[in-house]
Amino acid sequence: VKYVLILLVPASYLFYRRFPTLRLSLSSTATTPAPAETDPKKPLKSIMQAARDDLAPPKDDPFTTEELKQYDGTDPTKPILVAIKGTIFDVTTKAEVYGPGRSYSIFAGKDGSRGLGLSSLKPEDAVADYSTLDTKDMKVLDDWHAFFSKRYNIVGKVSDGPVIN
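Definitions and limits used
- Residues numbered from 1 in each chain as written.
- Predicted model: local features only at pLDDT ≥ 70, side-chain atom pairs only at ≥ 80, totals over all residues.
- Heavy atoms only, no water.
- Pairing = 2+ DSSP bridges.
- Helix = DSSP H or I, 4+ residues; strand = E, 2+ residues; numbered from the N terminus.
- Salt bridge = Lys/Arg side-chain N within 4 Å of Asp/Glu carboxyl O.
- Contact = heavy atoms within 4.5 Å.
- Axes fitted to C-alpha atoms, helices over the stretch in contact; angles between N-to-C directions.
- pLDDT = per-residue confidence, 0-100.
- Core = buried A, V, L, I, M, F, W, Y, C linked by side-chain atoms within 4.5 Å.
- Buried < 20%, exposed > 50% of the residue type's maximum accessible area, 1.4 Å probe, protein only.
- Expected span 1.5 Å × (residues − 1).
- Arc of directions from axis to C-beta.
- Polar contact = N/O pair within 3.5 Å; in protein donor to acceptor, adjacent residues only side chain to side chain.

Colleague: Would you mind showing me how to read the pairing of strand 4 (residues 153-158) here?
Modeller: It is a general feature of regular strands that their side chains alternate between the two faces of the sheet. Note that strand 1 (residues 62-63) and strand 4 share two bridges and pair parallel. From the neighbouring strand, Phe-63 faces strand 4, where its bridge partner is Val-158. Here strand 3 (residues 87-90) runs beside strand 4; their pairing, made up of four bridges, is antiparallel. Paired with Asp-90 across the two strands is Asn-153, which belongs to strand 4.

Following this line, the structure appears as structure tokens:
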């Protein structure tokens, strides 16, 4: 009996993980389907932050790559800035994401366009030159630029970044 339990518990867990829709119910009540299952036309709730309608008019203040490095979140008196395709966004409102040691801090204080296009968090990919991106990755980068444009204030342009047509 002891050996049967030792084998049965992991096997049932693996079965449960592999076939989550085949669940055994000990009660006679039916499970309530998720909202998306009851109405397929109802969109799923997004975990992405919504677009903002209170953004300031875009600025085109010039920042050099060296100046931009000062805005990586290590100085709490300065905003956190992220550049995409040369456009600089103030992401200070999401310091819990872009601040030092956070999940996307690799992009703070620089133009990491190539890394965003590649969906990569590798430091060697977080560079401004995105000229080597293929069509699919370029679409991803354009989507990131559009996403940021709807959610963060544009505070400037990188003045000495790569020129890519």
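Right, picking up where we left off after that structure.
Colleague: Quick question: what am I supposed to make of the pattern of salt bridges here?
Modeller: Two side chains of opposite charge can pair, provided their charged atoms sit close to one another. Taken as a whole, this structure holds seven salt bridges when the rule is applied. A salt bridge links Arg-114 to Asp-125; the nearest nitrogen and oxygen atoms lie 3.0 Å apart. You can see Arg-114 sitting in helix 5 (residues 113-118) and its partner Asp-125 sitting in the loop between helix 5 and helix 6 (135-151), a full 11 residues away along the chain. In this structure, the salt-bridge partner of Lys-136 is Asp-137, at a minimum N-O distance of 3.4 Å.

Colleague: Would you mind showing me how to read the sheet that holds strand 3 here?
Modeller: Hydrogen bonds along the backbone pair up the strands of a sheet, which may run parallel or antiparallel. Here four strands make up an open sheet; going across it, the order is 1-4-3-2 and the pairing mixed. Looking at the sheet topology across the chains shown, the edges are occupied by strand 1 and strand 2 (81-84). Against the sheet, helix 6 contacts strand 2, strand 3 and strand 4, and its axis sits at roughly 140° relative to strand 2.

Colleague: Sorry, what's going on with the confidence of the model for the protein chain here?
Modeller: Any residue range with low pLDDT should be treated as having predicted coordinates unsuitable for detailed reading. Here the protein chain averages 85 in pLDDT, and 72% of its residues register 70 or above. Across residues 26-30, confidence stays below pLDDT 50; counting only partners more than four residues off in sequence or on other chains, it has zero contacts.

Colleague: Help me understand the nonpolar core, please; the structure alone is not making it clear to me.
Modeller: Among soluble globular proteins, nonpolar side chains are generally buried collectively. Grouped together as the largest cluster of nonpolar side chains are 18 residues, with contacts concentrated most on Val-82, Ile-84, Phe-89, Val-91, Tyr-98 and Phe-148. Those elements giving two or more residues to this core turn out to be strand 2 and helix 6. Considering every element that reaches this core, the biggest residue donor is helix 6, with three residues. The next biggest cluster of nonpolar side chains, apart from the first, holds eight residues, and it includes Phe-63, Tyr-71, Ile-88 and Val-158.

Colleague: Would you mind showing me how to read helix 6 here?
Modeller: Side chains of residues three or four places apart in an α-helix project in the same direction, reflecting 3.6 residues per turn. Over its 17 residues, helix 6 runs 25 Å from end to end, which matches the ideal 24 Å to within 8%, given 1.5 Å per residue. When helix 6 is considered as a whole, its buried residues turn out to be Asp-137, Leu-141, His-145, Phe-147, Phe-148 and Arg-151. Down the axis of helix 6, the buried side of the element spans an arc of 160°, and every buried residue falls inside it. Facing away from the buried surface of helix 6 by more than 90 degrees, the exposed residues are Thr-135 and Lys-136. Packed against the buried residues of helix 6 are strand 2, strand 3, helix 4 (95-98), helix 5 and strand 4. For helix 6, the N-terminal cap is Asp-134; the gap from its side-chain oxygen to the backbone nitrogen of Lys-136 is 3.2 Å.

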